[in-house]
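The primary structure of each chain is shown beneath.
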Amino acid sequence: MKHLTEEELIEHYYSEDFYKAESEAHLQACKHCAQAYEELGKLLSNVRASEPPMRGAEYGAQVWQSIQGSLRPYQSKTKRSYFRWPQLGYAAACLLFLAGAFLAGRIWEHAHTQPSLATTPQQARERVVLFVLDNHLDRSERLLVQLNHAGAEEEKVDLPLQAEARQLLTDNRLYRQSIAPANDPLLAAALDHLERVLLEVANSPDELSSADIARIEKEMNTQGLLFQIRVLRTKVSGQETNAQATRKGATI
Amino acid sequence: MGNEDHALIRTVLAGEKDAYGLLVARHSQSVFRVAFRITENEADAEEIVQEAFLRGYRKLESFDARASFRTWIYRIAVNCALDVLNKRKHQAAVPIAEEHDGEQGTVQPADGAAGPDRLLLSQEIEARRQTAMEKLTPTERLAFVLRHMEDRSTEEIATALGIAPNSAKQAVFRAVQKLRQSLAPLWVKS
């Protein structure tokens, strides 16, 4: 006969054995196991915990008083639910990322275009010079054309050439001085030539005769000067167009 | 009771902290009882009650609405008690003078009604029981108290202690064996 082990006896005592009926039958038949089980029963029945001291009805309130100070109220679920929607969180994160990328791009572009903006006063000055120079050359060209035509057609010239020549003479001196640092010999030579022509016209008698004009044309080579002015106008107009294109590109 | 507990928990989670006070008032007695049975110390038991309800409040969001709050807070209290026993185990050493030698301690129990001899035996048993309980590991002691005094099943013990059912069963066996070794001499000559 196989006796019950100590573990089986303990399981039987706590009614946790799988084969309760078989164990019971064995204890009925086996005096050895029955005696061991009886001793175990005596032992465990005498093992009793001390009875807990009584607590009054207000004990729960006392416990609550002692802990409530260290407890923070929960936020209501309606408030917390905003933070529980993962989709909303992802969307917000994407928007933030896009806004950040856009701003970073703008800042980068601004930082990289800063040097060109730093030269803006110089460029602006050049653009103004080119604009007024183009205008000056245009007026000078018209004066020279009128001068050439007048010399070829009429005996007496009744045109305000002298007044225009005096005005252009003053302007021409300023432009000639302004373009000196640019070290452009062609332009400098043309303006110098033009100044001499204008000076001659401006200082001529009040009414220029065709002969006077013809003399000026011949001596001052106004036909050649007109050609030079036209070439310069083309060049100056091209430079002005390039300057405008550069300015637009920098501000995009 | 369970539905009322769940309603109170929802109220607490909605921001009404004071509703938790009602849960504390409702379950503090039972938590104190099990805490005292485990520790057999009134001050420790009160500390466990407070700590259990504190932990319970902080973990309330993780409470499964399908469970019973009573069982849930009970498990938390058992874990708090385990912490106290572990701390006590490290701090205190069993005085040598209180150790009982098996042969010397053999007591002849008296038969019949309670008399001076019987009273003496009860005192002796209680002293030895307490000493034997102190010798158990925290897990063994908890498992034994829950099995023997709280009449909890092996499954419930395992859940409360966070261990496998077989480990819980073995812990109860080892506790009974140790108690038997300490207390059996009292009945040897009976």
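None of the values given here were measured: they were computed from a predicted structure.

Tell me about the overall build of chain A, residues and numbers included.
Helix and strand counts for chain A come out as 11 helices and 0 strands. Element order for chain A, N to C, with α for helix and β for strand: α-α-α-α-α-α-α-α-α-α-α. Taking all 252 residues of chain A together, 17% fall into the buried category.

Before we move on, can you summarise helix H7 (residues 154–161) of chain B with the specific residues and values?
Residue and element names in this part refer to chain B. Taken as a whole, H7 has its buried residues at Thr154, Ile157, Ala158, Ala160 and Leu161. In an axial view of H7, the angular spread of the buried residues amounts to 165°, which keeps them on one side of the axis. For H7, the secondary structure elements touched by its buried residues are helix H4 (69–91), helix H6 (138–149) and helix H8 (165–183). Just downstream of H7 lies Gly162, where phi reads positive at about 70°.

Describe the interface of chain A and chain B, listing the residues and the values that go with them.
In this assembly, 31 residues from chain A lie in contact with 37 residues from chain B. Mapped by element, the contributors of at least two residues to the side of chain A that touches chain B are helix H1 (6–13), helix H3 (31–46) and helix H4 (59–67) of chain A. The biggest single contributor to the side of chain A that touches chain B is H4 of chain A, with 7 residues. Per-class residue counts for the side of chain A that touches chain B are 16 nonpolar, 8 polar and 7 charged.

Run through H1 of chain A, naming residues and quoting values.
Taken together, the buried positions of H1 of chain A are Leu9, Ile10, Glu11 and His12 of chain A. Packed against the buried residues of H1 of chain A are helix H2 (20–29) and H3 of chain A together with H8 of chain B. A positive backbone phi angle near 55° is found at Ser15 of chain A, which sits one or two residues after H1 of chain A.

Tell me about the packing of H6 of chain B against H8 of chain B, and name the residues and values.
All names here are of chain B. Two elements in contact, H6 and H8, have axes whose closest approach is 8 Å; the angle formed by their N-to-C orientations is 95°. Considering the angle they form, H6 stands roughly perpendicular to H8. Contact residues: H6 offers Thr139, Glu140, Arg141, Ala143, Phe144 and Arg147, while H8 offers Ala168, Ala171, Val172, Arg174 and Ala175.

Give a description of the confidence of the model for chain B that names residues and reports values.
All names here are of chain B. In the predicted model, chain B carries a mean pLDDT of 82, and the fraction of residues at 70 or more is 83%. Averaged pLDDT values over the elements of chain B bottom out at 62 in helix H9 (residues 185–188) and peak at 94 in helix H3 (residues 42–58). This prediction of the complex comes with two scores: 0.52 for pTM and 0.77 for ipTM.

I'd like to hear about the nonpolar core, residue by residue, with values.
Residues and elements named next belong to chain B. Membership of the largest hydrophobic core comes to 54 residues, with the highest contact counts inside it found for Ala35, Ala77, Ala81 and Ala143. Here this core takes 10 residues from H4, the largest share from any one element. Excluding anything up to four places from it in sequence, Ala35 contacts Ala45, Ile48, Val49, Ala77 and Ala81.

How would you summarise the environment of Leu208 of chain A if you had to cite specific residues and measurements?
Inspection of the secondary structure assignment puts Leu208 of chain A in the loop between helix H9 (185–202) and helix H10 (210–220). Sequence separation of Leu208 of chain A and Leu161 of chain A is 47 residues, and the distance between their C-alpha atoms is 8.8 Å.

I'd like a description of unusual backbone geometry, backed by residues and values.
For Ser15 of chain A, which is not a glycine, the phi torsion comes out positive at approximately 55°. One can find Ser15 of chain A in the loop between H1 and H2. For Ser15 of chain A, a count of 8 C-beta atoms within 10 Å puts it in the exposed group. At Asp151 of chain B, a position not held by glycine, the phi torsion is positive, near 55°. Along the chain, Asp151 of chain B turns up in the loop between H6 and H7. With 9 C-beta atoms counted inside 10 Å, the residue Asp151 of chain B sits in the exposed group.

Account for the confidence of the model for chain A, naming residues and giving values.
On average, residues of chain A score 78 in pLDDT, and 81% of them are at 70 or above. Mean pLDDT across the elements of chain A ranges from a minimum in helix H5 (residues 77–81) of chain A, with 56, to a maximum in H4 of chain A, with 93.

Rules of the game
- Residues numbered from 1 in each chain as written.
- Chains lettered and ligands numbered in written order.
- Predicted model: local features only at pLDDT ≥ 70, side-chain atom pairs only at ≥ 80, totals over all residues.
- Helix = DSSP H or I, 4+ residues; strand = E, 2+ residues; numbered from the N terminus.
- Buried ≥ 20, exposed ≤ 12 C-beta atoms within 10 Å, placed from the backbone.
- Arc of directions from axis to C-beta.
- Contact = placed C-beta atoms within 7 Å.
- Nonpolar A, V, L, I, M, F, W, Y, C, P; charged D, E, K, R; others polar.
- Axes fitted to C-alpha atoms, helices over the stretch in contact; angles between N-to-C directions.
- Parallel < 35°, antiparallel > 145°, perpendicular 65-115°, else oblique.
- pLDDT = per-residue confidence, 0-100.
- Core = buried A, V, L, I, M, F, W, Y, C linked by C-beta atoms within 7 Å.

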